[in-house]
Amino acid sequence: MRTTAPVIVAFLVGITLVITFFLNEKTPLVGQLSNQLLDWLIIIGGFTLLLGVVSILRVSWQTVQRRKEGWFYKIATIVSVLVMAIPSLLPVSWSPLFGRFEGSIYDWLFVNLQAPMMATMFATLAFYIASAAYRAFRARTAEATLLLLTAVLVMFWRVPIGEAILNLMPGDMPYFINKFVMNGANLAVQRGIIIGAALGAAAMSLRIILGIERTYLGKG
Amino acid sequence: MSGLEIFQTWIIAFFTLALFSFLYKDNPIYKLAENIFAGLTAGYQVGLIWDTIIMQKLWDPLVQNDEWWLILPGTLGFLMFSRFFTKISWLSRIPLAVVFAVTAGVQLTTQLHGLVLPQMQSTMLSVWSSNGFVASLLAVVTIVGVISTLIYFYFSHEHTGALGITAKAGIWFIMISFGAHFGYTVMGRVSLLIGRVQFLVEDWLGTFQHFF
Amino acid sequence: MGQEEYSVFRNDRINALLAVVAFSTAILVFTNWAKKGKPLFLRKIPGLDAVEEAVGRATEMGRPVLYIPGIEELDQIETIAGISILGRVAQITAQYETPLTVPVRYPLVLAAGQEVVQQAYIHVGKAEAYDKDMVRYVAGEQFAFAATVNGYMMRERPATNIYMGAFFAESLLLAETGNAAGSIQIAGTGRPEQLPFFVAACDYTLMGEELYAASAYLSHEPVMMGGLKGQDLMKILIVVLILAGVIMATYSVDIGAAFKSWFQAV
Amino acid sequence: MNFWERFESMDRRWVYLMVAITVVIPFIFPMKFPVSVSPEARSFFDAVDSLPDSSVVMLVFDYYPSTIAECEPMAIAGAHHLFRKHCKVVTLSNIPYGAPSMAESITRGIAAEYGKEYGKDFVNLGYKYGYVSVLKGMGVSIESIFPADNRGTPLSELPLMNYVKNYEQVDFIFEVADNATADFWISIVNAGYGVPMGVGCTAVMAPKFYAFLGAGQIVGLLGGMKGAAEYEILLDKKGTAFRGMDIQSLVHFLIIALVVIGNVGFFVKKRRNRKTKS
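Residues numbered from 1 in each chain as written. Chains lettered and ligands numbered in written order. Predicted model: local features only at pLDDT ≥ 70, side-chain atom pairs only at ≥ 80, totals over all residues. Heavy atoms only, no water.

1. A few points about the packing of aromatic side chains
Okay, so step 1: Within the structure shown, the criterion is met by 44 aromatic pairs over all chains.
Okay, so step 2: Summarising the aromatic geometry, the rings of Y167 of chain D and Y193 of chain D are spaced 5.0 Å apart at their centres and angled 55° between planes, so their arrangement reads as tilted. Of this pair, Y167 of chain D sits in the loop between helix 8 (159-163) and strand 4 (172-177) while Y193 of chain D sits in helix 9 (residues 181-193), and the two are 26 residues apart along the sequence.
Okay, so step 3: Classification of Y193 of chain D by relative accessible area gives partly exposed; the value is 23%.
Okay, so step 4: Over the ring of W157 of chain A we find R158 of chain A, and its NZ or CZ is 5.5 Å from the ring centre.
Okay, so step 5: Of note, K38 of chain C hangs over the ring of W33 of chain C, and the distance from its end group to the ring centre comes to 4.8 Å. (Phe/Tyr/Trp six-rings, centres within 6.5 Å; stacked < 30°, edge-to-face > 60°. Helix = DSSP H or I, 4+ residues; strand = E, 2+ residues; numbered from the N terminus. Buried < 20%, exposed > 50% of the residue type's maximum accessible area, 1.4 Å probe, protein only. Lys NZ or Arg CZ within 6 Å of the ring centre and 35° of its normal.)

Below you can see the structure in the form of structure tokens.
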């Protein structure tokens, strides 16, 4: 029962969506049926995100309770979750500080704390790329050499000063790079990878629908 | 610039510098900022999910237009919380099945119809292109590139003989494409740093003129 | 809505129907053969032998193995492949009782990861060595996750870092720190965006679909083998069709256009 | 330890310092180098520019706050262009980490500049989980996926949404993304419903989209901050992206230098080891 039930559900849901793809969505039943299943994903998916929040609260609370290493910081995590979540759940009619829109604590914290912090986390990557460029990216093999040579050429081409210098050289280098590197070799490889990845994703989807693939259920 | 705006700019600057401090050394201020950040990200979702999914997609239709059948996905959604209790965690398998089956049901068709067919079609180019030598050369590069990439990712035969040569060509094409990728990615990362530095230099340092 | 004339069946999508039917048949036939134990050949993937060597290295040095099954939800194909490779790696760490740490970013991945690692330890007869906290939920957001794992890498200095699954910008953060911590690093991801960095910074990189081939190669599991062989057959079919299209387009524009129209996605 | 070994074992924080200095220099000495416009950005601009008045365009915010520096200028330039052309703008987002708040503030701010009225000229549908469901579901009916807009107003009360029922009424999709959601817009929406589409994405993703551009699945491509700067130039509304290009140039040269020096050191050491061995 623990495995057959989910597998049957997966088959029925999956096959319905595959069949409705080949039916005209204007036929009365087809559109509503497939959208109903799509709605189920949205609703259940919403719960999985809430599950994630509860999980982070639980893990943080356990760390605090057991005074595990770094428990003090986990208090900050818990407080941040609550300070962000609770006001947003309260109706705006009570006070403009509640709800999710302009003037609310939720929006203020997002604009002034969450967004800038997320942007800063990503910005640190520029530093890592510089140090990796210097320490990790080595032309160990012929292929890696070709990778690095193309990389340097493209980095030169993508910026104004670099392009100006390229224009000084004979022939029309920027045109060549755009035409034969980006729209030539790169386009072809991306196309090959897209086709391959699409076949991989379709195969995995087929296995999930037919219940052959059950790792997501926890089957080893 | 009002007092509140200056205060806000300093708050943003504090947390921006706190996170950049990780570059120097992992430190308590960084850890604090990182944990606050993780909490805010989770908290943001609560407000958003409660409003746009639990209420708009489940509660309101159920109560106002009595779409009674929504009790089913609603209950399945609750079953996800069974994960916290090992004995009954298997109950979450049915909602899991729905989530993956919907994604799989849509992807099985759209990956082949929406990606494989158009990408195949656009590679069927004439080697003698009507508009000149450059276009023909480009067509040859594209065709050879696509086929050699596909052959490189072919696992059912050892890469020897003709297959080996094609796969070798494939890896060369792939390395050019990865090189282009590398160049573009460096540009992307640098732009994100520029975004933060623009804030620090233009907005934050800008507030200093109010003090001096 | 007026009752305009339309057919219930989308006959403008017959090409897609043929593609889905041909594809599914290929996958199911090969999967059946694999189940019946017919010998199906898969070429050796160098990156994978390194996985088993690297875990062996961790055992000799008595230092932990860090395994990250990607940072995407469990519904991503790469994460599922990452989890199934984790099952195999966990079998090796179970045998040698090497400490294994698997930080994950989503509760579903946490659940699937714990189940797969536990099954691996039971399979090898080391059920008591299994500890639920080997697979742990670190943090929701991509970068909080990367920063925390980096902290772990610098403190614990794992001998081997294995990244198998969907990775994004934080892949460089992880690979760079892993480099600094002196670990052997093996990576595999389906998305091409991160591959240039993994290729440049790691000792071995499974590129694109090699990640899916890896889970089949490692586990010799009939279902995955069948899937892979089916996809390979489709690739050959696609190459032949492209060549046919090219020859026809070169020979005559009209015939080429007619042939190409069969592949029109509507 | 000779020069190379000391150079190679230098603490990487010196490299970080170099990057920090290089980024700040152009603020003190701005150098206005011309930014060339690529064919991909021009075809994107032309596709939007040729849209007839009051055509319906979906402006999609599929990016995380982490890539604001690359994606926000594209969304802002797009909103300006669409409102300038009196298009009806429907915004939505598939990213739960802040994109709905950004879509709300950006669109409302720019709409106010052009005196556009919410509900009639533009609507923000907000967020729903599972972009596969959202993208596929809107093919049948937008209202079945988004019963209400981001603020909870039922769609039936918004005049624009009484006209826009599904993709048949949508004339163009302006997708700004920093993740694979854009691929699903192509494989589900463009291939399945034929809606013409342009993609503005981070530089990391841009190389992949040349394959879709070549196949005609998208009509234009903006790659990273340079793509945003190109659109700003075409729109004649130079913003943050354009100003960032000087800094971009300098840091690129720094990183190119680091790669070259790093590899020269690598080869010098390799030849020395070979000499000592032979």
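Back to the write-up after that little detour.
2. With respect to the packing of helix 5 (residues 132-152) of chain B against helix 6 (residues 161-207) of chain B
The angle between the axes and the distance between the axes are what describe a pair of packed helices.
Residue and element names in this part refer to chain B.
Okay, so step 1: Running from N to C, helix 5 and helix 6 point in directions that differ by 110°, and their axes come no closer than 7 Å. When the axis of helix 5 is compared with that of helix 6, the two are roughly perpendicular. In contact with V141, V144, G145, S148, T149, I151 and Y152 of helix 5, helix 6 contributes L163, T166, A167, A169, G170, I171, F173 and I174.
Okay, so step 2: Residues belonging to the contact of helix 5 with helix 6 are distributed by class as follows: 10 nonpolar, 5 polar and no charged. (Axes fitted to C-alpha atoms, helices over the stretch in contact; angles between N-to-C directions. Parallel < 35°, antiparallel > 145°, perpendicular 65-115°, else oblique. Contact = heavy atoms within 4.5 Å. Nonpolar A, V, L, I, M, F, W, Y, C, P; charged D, E, K, R; others polar.)

3. Some thoughts on the pairing of strand 5 (residues 184-189) of chain C
All names here are of chain C.
Okay, so step 1: Among the 6 residues of strand 5, 5 are classified as buried, and the element is accordingly described as predominantly covered.
Okay, so step 2: Here strand 4 (residues 160-164) runs beside strand 5; their pairing, made up of 5 bridges, is parallel. Following the sheet pairing, T160 is matched in strand 5 by I184.
Okay, so step 3: Pairing analysis gives 4 bridges linking strand 5 to strand 6 (residues 204-207), with the strands arranged parallel. (Pairing = 2+ DSSP bridges.)

4. A closer look at the sheet that holds strand 1 (residues 65-68) of chain C
Residue and element names in this part refer to chain C.
Okay, so step 1: One open sheet holds the 6 strands; their spatial order is 3-2-1-4-5-6, and the pairing between them is parallel. Lying at the two open borders of the sheet, with one neighbouring strand each, are strand 3 (135-137) and strand 6. Ignoring strand direction, the axes of neighbouring strands in this sheet form an average angle of 15°.
Okay, so step 2: Sheet topology places strand 2 (residues 100-104) next to strand 3; 3 bridges connect them, and they run parallel. What sits directly across from V104, in strand 3, is Y137.

5. Digging into unusual backbone geometry
Okay, so step 1: The phi torsion at D66 of chain B lies on the positive side, around 20°, for a residue other than glycine.
Okay, so step 2: Considering the arrangement of structural elements, one finds D66 of chain B in the loop between helix 2 (28-63) and helix 3 (71-79).
Okay, so step 3: The exposure class assigned to D66 of chain B is exposed, which follows from its relative accessible area of 54%.
Okay, so step 4: Phi angles above zero are rare outside glycine, and D236 of chain D is one such case at about 55°.

6. Thoughts on helix 3 of chain B
Residues three or four positions apart in an α-helix share a direction because the helix packs 3.6 residues into each turn.
Okay, so step 1: Listing the buried residues of helix 3 of chain B in full gives P73, G74, L76 and G77 of chain B. The buried residues of helix 3 of chain B occupy an angular sector of 165° when projected down its axis, which confines them to one face. When the buried face of helix 3 of chain B is taken as reference, the exposed residues oriented beyond 90 degrees from it are I71 and F78 of chain B.
Okay, so step 2: Of the surrounding secondary structure, the elements contacted by the buried residues of helix 3 of chain B are helix 2 (28-65) of chain A together with helix 2 and helix 4 (93-121) of chain B. (Arc of directions from axis to C-beta.)

7. With respect to the interface of chain B and chain A
Okay, so step 1: Taken together, the contacts link 112 residues of chain B with 108 residues of chain A.
Okay, so step 2: Between chain B and chain A, a total of about 10400 Å² is buried, with carbon and sulfur atoms accounting for 81% of that surface.
Okay, so step 3: The largest share of the area that chain B buries against chain A comes from L40, F84 and R93 of chain B, three residues that together contribute 7% of it.
Okay, so step 4: The tally of links between chain B and chain A comes to 3 salt bridges.
Okay, so step 5: A salt bridge links D39 of chain A to K57 of chain B, with the shortest nitrogen-to-oxygen separation between them at 2.6 Å.
Okay, so step 6: Counting across the chain B and chain A interface gives 15 residue pairs in polar contact (both at pLDDT 80 or more).
Okay, so step 7: Of all the elements in the fold, those that place two or more residues in the side of chain B that touches chain A are helix 1 (3-20), helix 2, helix 3, helix 4, helix 5 and helix 6 of chain B. (Buried area = accessible area lost by both parts, 1.4 Å probe. Salt bridge = Lys/Arg side-chain N within 4 Å of Asp/Glu carboxyl O. Polar contact = N/O pair within 3.5 Å; in protein donor to acceptor, adjacent residues only side chain to side chain.)

8. Here we look at the interface of chain A and chain D
For an interface, size is often stated in terms of accessible area lost upon the parts coming together.
Okay, so step 1: Chain A puts 55 residues into the contact, and the matching count from chain D is 65 residues.
Okay, so step 2: Counting across the interface, chain A meets chain D through 3 salt bridges.
Okay, so step 3: As a salt-bridge pair, R151 of chain D and E102 of chain A come within 2.7 Å of each other at their nearest N and O atoms.
Okay, so step 4: The interface formed by chain A and chain D holds 14 residue pairs in polar contact (both at pLDDT 80 or more) in total.
Okay, so step 5: Where the side of chain A that touches chain D is concerned, the elements lending two or more residues are helix 2, helix 4 (105-135), helix 5 (142-157), helix 6 (160-168) and helix 7 (173-209) of chain A.

9. Details of the confidence of the model for chain C
Okay, so step 1: On average, residues of chain C carry a pLDDT of 86, and 95% of them reach 70 or more.
Okay, so step 2: Across the assembled chains, the prediction reports ipTM 0.89 with pTM 0.88. (pLDDT = per-residue confidence, 0-100.)

10. Examining the environment of K260 of chain C
Okay, so step 1: With respect to the helices and strands, K260 of chain C occurs in helix 10 (residues 253-261).
Okay, so step 2: As a C-alpha pair, K260 of chain C and L233 of chain C span 27 residues in sequence and 21 Å in three-dimensional space.
Okay, so step 3: Residue contacts for K260 of chain C: discarding those within four places in its chain leaves Q121 and M124 of chain B.

11. Regarding the environment of I56 of chain A
All names here are of chain A.
Okay, so step 1: In this structure, I56 sits in helix 2.
Okay, so step 2: I56 sits in the buried class, given a relative accessible area of 5%.
Okay, so step 3: The sequence separation of I56 and I78 amounts to 22 residues, and the corresponding C-alpha distance is 8.4 Å.

12. A short note on the side chain of N178 of chain A
Okay, so step 1: Counting through the fold element by element, N178 of chain A comes out in helix 7.
Okay, so step 2: Its relative accessible area of 11% is what places N178 of chain A among the buried residues.
Okay, so step 3: Look past the residues within four positions of N178 of chain A in its chain and what remains in contact with it is W157 and N183 of chain A together with P39, E40 and Y210 of chain D.

13. As for the sheet that holds strand 5 (residues 197-201) of chain D
Residue and element names in this part refer to chain D.
Okay, so step 1: A sheet is described by the order of its strands in space; here 6 strands give the open sequence 3-2-1-4-5-6, paired in parallel fashion. The sheet terminates laterally at strand 3 (122-127) and strand 6 (220-223), the two strands that pair on one side only. Neighbour to neighbour, the strand axes of the sheet diverge by 15° on average, direction disregarded.
Okay, so step 2: Where helix 5 (residues 99-113) meets the sheet, it contacts strand 1 (56-62), strand 2 (88-93) and strand 3, and its direction lies at approximately 170° from that of strand 3.
Okay, so step 3: With respect to the sheet, helix 11 (residues 224-235) is in contact with strand 4, strand 5 and strand 6, its orientation differing from that of strand 6 by roughly 120°.

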